[in-house]
Amino acid sequence: MKATLEETLRDAIRTIPDYPKPGILFRDITTLLGDARAFRRAVDELVHPYAGAKVDKVAGIEARGFILGGAIAHQLSSGFIPIRKKGKLPHDTVRIAYSLEYGIDEMEMHRDAVKPGERVILVDDLIATGGTAEGAAKLLRQMGADIVAACFVIDLPDLGGRARLEALGVPVRTLVAYEGH
Ligand code: AMP
């Protein structure tokens, strides 16, 4: 019998307890990326609702969002925008502070990466509290982007990230959910 999408993804995602610190269950997608069938399936499913829609750019969040976002951009024939930790991009940038579990950090994108009115899909591997994705969405909107959706392979719904993005009016697409954090 053909495995469901959820079975395929769950089988391909590795969980590492107590990484990077005690109590965290780290959802490792490197095993999914290394599994040709699971990787293709995840990308196909994430883009499915937007196939045929006009998407100008896919914005990927460093670093795992680059891998998925690059594949999604190719599939949708869109451009790609890297959203990076501060200090990594060589040209004129715009920056935003965002909240992490402990403290804050800053992310940047090139000022000319998106033009006002362009339709953008935001991509990362996983949404937890939503702090990272909210920062990226605000940065894109600051530059006039029209955010079509935010896409993630993994949702940790107990941490409320999806609800936080939806409250900003950003539609969220995720493929597999894990309880807890
Ligand atoms: P958040 O800002 O809380 O939504 O956290 C999302 C970011 O942190 C994403 O870039 C994820 O890759 C990473 N992240 C958070 N929690 C986990 C986890 N349990 N396993 C793997 N990555 C995580």
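Scroll up for the structure.
Residues numbered from 1 in each chain as written. Predicted model: local features only at pLDDT ≥ 70, side-chain atom pairs only at ≥ 80, totals over all residues. Heavy atoms only, no water.

1. With respect to the side chain of Glu 62
Within the fold, Glu 62 resides in the loop between strand 3 (57-61) and helix 4 (64-76). Among the polar contacts listed, one links the side chain of Glu 62 to the backbone nitrogen of Lys 85, at a separation of 2.8 Å. Glu 62 has contacts with Ile 83, Arg 84, Lys 85 and Lys 88, leaving out every residue within four places of it along the chain. (Helix = DSSP H or I, 4+ residues; strand = E, 2+ residues; numbered from the N terminus. Polar contact = N/O pair within 3.5 Å; in protein donor to acceptor, adjacent residues only side chain to side chain. Contact = heavy atoms within 4.5 Å.)

2. Let's talk about the site of the ligand
By nearness alone, 14 residues border the ligand, and Asp 124, Asp 125, Thr 129, Gly 130 and Thr 132 come closest of all. Here an oxygen atom of the ligand and a side-chain polar atom of Arg 64 are 3.4 Å apart. At 2.7 Å, a side-chain N or O of Asp 125 approaches an oxygen atom of the ligand. Expressed as a share of its isolated accessible area of 490 Å², the protein-covered part of the ligand is 82%. Where the shell around the ligand is concerned, the elements lending two or more residues are strand 2 (25-28), strand 7 (119-127) and helix 5 (131-142). Broken down by element, the residue count for the shell around the ligand peaks at 4 residues, all from strand 7. The residue makeup of the shell around the ligand, split by class, is 6 nonpolar, 4 polar and 4 charged. (Near = heavy atom within 4 Å. Areas by Shrake-Rupley, 256 points an atom, 1.4 Å probe, with all protein chains shown as cover. Nonpolar A, V, L, I, M, F, W, Y, C, P; charged D, E, K, R; others polar.)

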